[in-house]
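Single-letter residue listing:
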Amino acid sequence: LQRAPFFGASDTELLQDPVKQAFLIQDGLSRCSLFSRRLDIYGGINSVRDLSSGAGAAHDLDPQKGCKFIPLESALDSVLSSPYQLPASDRAHDLYDIAMHFYCDLKSGEALKTNYTIKSAVSLEWGSDEAKPKEPTHVDPTCLSPEKEKPWILDGSCSDTKIASFPSEARLERSCGFCGDAAAYLRTLRDEIAAKYKERCSDLVVYGAALGKDYVQWLDTPNMFDLKVKQAVEQHGTCIFTFFSGAERSSPFLVEDHQIVIHIDSTRLPYLHDRRNVKLLKLNPGLLFPWAQRIIWQDVKLMKRRMRNDLPVDYRQHFEVTTEKPGVCVSFQSLPAHKFAIGQASAVTLRNHCDAIIKAAKRRPTVSDDLSVLSNQCDHYYNIHEKDTPESVIFRQEPLIDSAFMAFDMRRESCRMYIGRLFCSWLDEIHCYSDRDQVSFSTAFSSSGLHLARASEGLSKGLTIYEDSDGSPMVHFTSPVCHWYNHLFSTCTLTVLGSPAQNAPRVPSDQNKKIRVSLIVAGTLQRFLFKSTVEKVIAPLTASEIEVDYYLSLSTSKAKAYRADAGYTGHAEPDIGSDADSIPTLIESMLSQKNAHARVISIKQDIDIDSDEMLQDHRARAKIEHPNEDPDQRFPVLDMRSFALKRTVVANRNLLKLHLAVQYLWREAVRHESESGHQYDYVLFMRDDSLWLSKFDLAKLLVAGDHDVYVPACDARSPPLHPQEINDHILISKRSSADVFGNYYSTLFETDTQKCMRRLGFKDRGCNSEMLLKFVMEEHGIDAGRVGQGLIPFQRSMQVKLPDGSSKVCFHKFCQSVQDPMVTDSIDQCKNIDWTAVFQ
């Protein structure tokens, strides 16, 4: 073992401890059946038999079960003395893996188990990092797959959070990832996809694969794909990816038939048969698209026009009702009692499904790469699940799915881990047995530790949910009635589960009337963030045939920040360039490309509040009442605490400048309404530093209820909002209440701020800006809907220019919600960064 370069210093304890070393040498393998497939490489199956039958080499542990084990010395000699010219690194891996299995057994106190059966023992795969099952009650027979000797390329050893298969009655543990050299091609592919599409497609990815020359004609045939594919892309901006192989294209990334077509070099994948290679793409959503919040796998065959499968047009809505509404990580489509699934049988069972596949091979020989393997696989699964273990109980519930459509919620770490582990287990079954993934699903799923939950109140009757040991819902099986075999997939799903759009405000009955939305944005050029607004707000709106007008006011002077001592505010920079003269043209061009209109782009040195008559009058009164104070000390915000005096003056002036700029833009918007003869339906009042992290869906927001204005709930913020506060980072208002916010500057002078203060009971403080907003809304009878951050997926952020010329984006003011939270793991909060170290 000391010849193995992969044997780390921390692992040499195994050799240095005489007791452990003696145990290994004298008692041999703690697993009597570990590595026949691997030792097969070193001399064939006869070598294994020789090792277990040589004089003094084999010892009975359990005569009734016929369990024998191979002494460690013999196993190592077989590896080291092999005449086969394998690379030294491969031999080292084998030695290391064998040793670590024994070491793992010793540390766990389960060094010797007498309940392992040995038919023909199971081995380690090439380069794997396997550990024993928690309950190693059975070791499966030798793998039967015709491609069982192909390498396992999904090495997950380099990941911070290791993804490993679930402990199972059937299999040993695997790790899954794109770490090793064997996965270099997939790793590069993942990075190229992220570079091109992460920004645009992070909210939702729909993907599939069509590998092989038989599928090339699908992309080359006009009108091959369902019209709904085009509608999904054009109306909702859906990113539909199709991996394909079999014919060269001018570029590895093309848009064909509204799909993002990605050419795959199948010779760089491990298997000879494309059906197995497809599974590497199909069952690795989190590895291929680690940046996506929601992922849907959809077989390419479902998109064929002649299939009439009733695919969704609004995939986001479909995802919501099947995955978000039940609160699960994964949604699967249950296998129906249909002749294509179970033949002429009446019950949906794995046995009947296997028989149906075998019978189908008579007319379609390519249904599997080895039917004998499939038959033995089904028998094996039923045999190992005869006992009344928790795993077998789940297996016997027949959790069968049609894997052609699967939805994954990747926003929670617990979901990403569960999905990764489940699919790692599933891929291992496919690697070892038949290439029909639906056959192995129930065994992989039953090992994941879930149990069938009782129907939850408020959910549809017959809803099938599996939950974990803590009672958290994890997996949803949609009704088999809604299967696409019945040509009612999307329609039936929304009907059975309840479409959220049922309670949404309806578009006016005049179908020729377009919805009109205006964006009112004001602030400073220094902090201006524009790109995400274009891609994640304006583009989705115009793609939904909504008219969008944009109004912008920026000042170029570097206004003093409310918290100027934060260490980073002075280093802010816009994400659109700092040339004030060229920015209007650039903005107009970017908006035009998204079919939006730039109505007002105002960039000036400063917002002149000093000339405003209302403020002049207010300041004059303030000087009389408080002659020794700054006239802006008490309006609109009051905070007389000694440490807050100076910053409150700064905050008040910034607040007045902001709302005076908004008021100017709003009056321009009202003028345009008058001239065009059309009013806006909704108005978005936004800050200059708004960073949108995923696509804004107006229709989905309206589903949250019929309100005058929508604001982020921000009820998971730290520190929490005061009961008299409402978040003022953004306002999405109906036109009927927009005048109050558009004219908010004037409204402040008409507001009884002392009345607002009396509600608080403070002596030295009045209402802050968020309290004032809530007070004004209540005074004007405005109904505010507080919604999850996921419905208004943005954060107030800052792009900070670093000393080396690069930039870093951080959350300047952070907001989060309890319901429908937004995943923000990839970006830090500015306050948590050591700026002194950054700028030293």
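Up top is the structure.
Quick look at the structure, then. The structure presented is a predicted model; accordingly, all values stated were derived computationally and were not measured.

## Describing the sheet that holds strand E6 (residues 259–263)
Pairing in this open sheet of 10 strands is mixed, and the strands run E5-E6-E4-E3-E7-E9-E8-E12-E11-E10 from one edge to the other. One side of each edge strand has no neighbouring strand; the edge strands of this open sheet are strand E5 (253–256) and strand E10 (451–452). Pairing of strand E11 (residues 464–467) with strand E12 (residues 473–478), which is carried by 4 bridges, proceeds in the antiparallel orientation. Paired with Glu 467 across the bridge in E12 is Pro 473.

## Details of the environment of Asp 155
By the element assignment, Asp 155 lies in the loop between helix H6 (88–108) and helix H7 (184–201). The buried category is assigned to Asp 155, whose relative accessible area is 18%. It is 7.6 Å that separates the C-alpha atoms of Asp 155 and Ala 183, two residues lying 28 residues apart in sequence. Leaving out residues up to four positions away in the same chain, Asp 155 has contacts with Ser 175, Cys 176, Gly 177, Phe 178, Cys 179 and Gly 180.

## Topic: the nonpolar core
Grouped together as the largest cluster of nonpolar side chains are 62 residues, with contacts concentrated most on Ile 193, Phe 241, Phe 243, Phe 289, Phe 332, Phe 445 and Val 475. Residue contributions to this core peak at 9 residues, all from helix H17 (residues 413–432). In contact with Ile 193, not counting residues within four places along its chain, are Lys 198, Phe 241, Phe 243, Phe 253, Ile 262, Phe 289 and Trp 291. Counting residues in each nonpolar core, the second largest holds 41 residues, with Phe 635, Leu 656, Tyr 745 and Leu 773 among its members.

## Side note on the state of the cysteines
Enumeration according to the criterion identifies 9 disulfides in this entry. Sulfur-sulfur distance for the disulfide between Cys 201 and Cys 239 comes to 2.1 Å. Measuring handedness by torsion sign, the sulfur bridge of Cys 201 and Cys 239 sits at about -80° and is left-handed. Placement of the pair is Cys 201 in helix H7 and Cys 239 in strand E4 (residues 239–244), with a sequence separation of 38 residues. For Cys 239, a relative accessible area of 1% puts it in the buried group. A sulfur-sulfur separation of 2.0 Å characterises the disulfide bridge that pairs Cys 329 with Cys 415. On the S-S bond that ties Cys 329 to Cys 415, the torsion sits near -70°, and the link is left-handed. One end of the pair, Cys 329, is in the loop between helix H12 (315–324) and strand E8 (330–334); the other, Cys 415, is in helix H17, and 86 residues separate them in sequence. For Cys 329, a relative accessible area of 0% puts it in the buried group.

## Some details on the packing of aromatic side chains
For the structure on display, the rule yields 35 aromatic pairs. Measuring from centroid to centroid gives 6.4 Å for Tyr 551 and Tyr 680, while their planes differ by 90°, and the two rings are edge-to-face. With Tyr 551 in strand E14 (residues 547–555) and Tyr 680 in the loop between helix H23 (645–676) and strand E16 (682–687), this pair connects stretches of sequence that are 129 residues apart. For the pair Tyr 551 and Tyr 680, a shared accessibility class is recorded, and that class is buried. Measuring from ring centre to ring centre gives 5.9 Å for Trp 835 and Phe 839, while their planes differ by 20°; the resulting arrangement is stacked. The class of Trp 835 is buried, set by a relative accessible area of 5%. By the ring-pair criterion, three or more aromatic residues cluster together here, those being Phe 332, Phe 408, Phe 423, Trp 426, Phe 441, Phe 445, Tyr 466 and Phe 477. Stacked on the ring of Tyr 664, the Lys or Arg Lys 604 has its end atom at 5.9 Å from the ring centre. Its end group placed over the ring of Phe 762, Arg 765 keeps NZ or CZ at 4.2 Å from the ring centre.

Thresholds applied
Residues numbered from 1 in each chain as written. Predicted model: local features only at pLDDT ≥ 70, side-chain atom pairs only at ≥ 80, totals over all residues. Heavy atoms only, no water. Pairing = 2+ DSSP bridges. Helix = DSSP H or I, 4+ residues; strand = E, 2+ residues; numbered from the N terminus. Buried < 20%, exposed > 50% of the residue type's maximum accessible area, 1.4 Å probe, protein only. Contact = heavy atoms within 4.5 Å. Core = buried A, V, L, I, M, F, W, Y, C linked by side-chain atoms within 4.5 Å. Disulfide = S-S within 2.5 Å. Phe/Tyr/Trp six-rings, centres within 6.5 Å; stacked < 30°, edge-to-face > 60°. Lys NZ or Arg CZ within 6 Å of the ring centre and 35° of its normal.

Any link to function would need more than the numbers given here.
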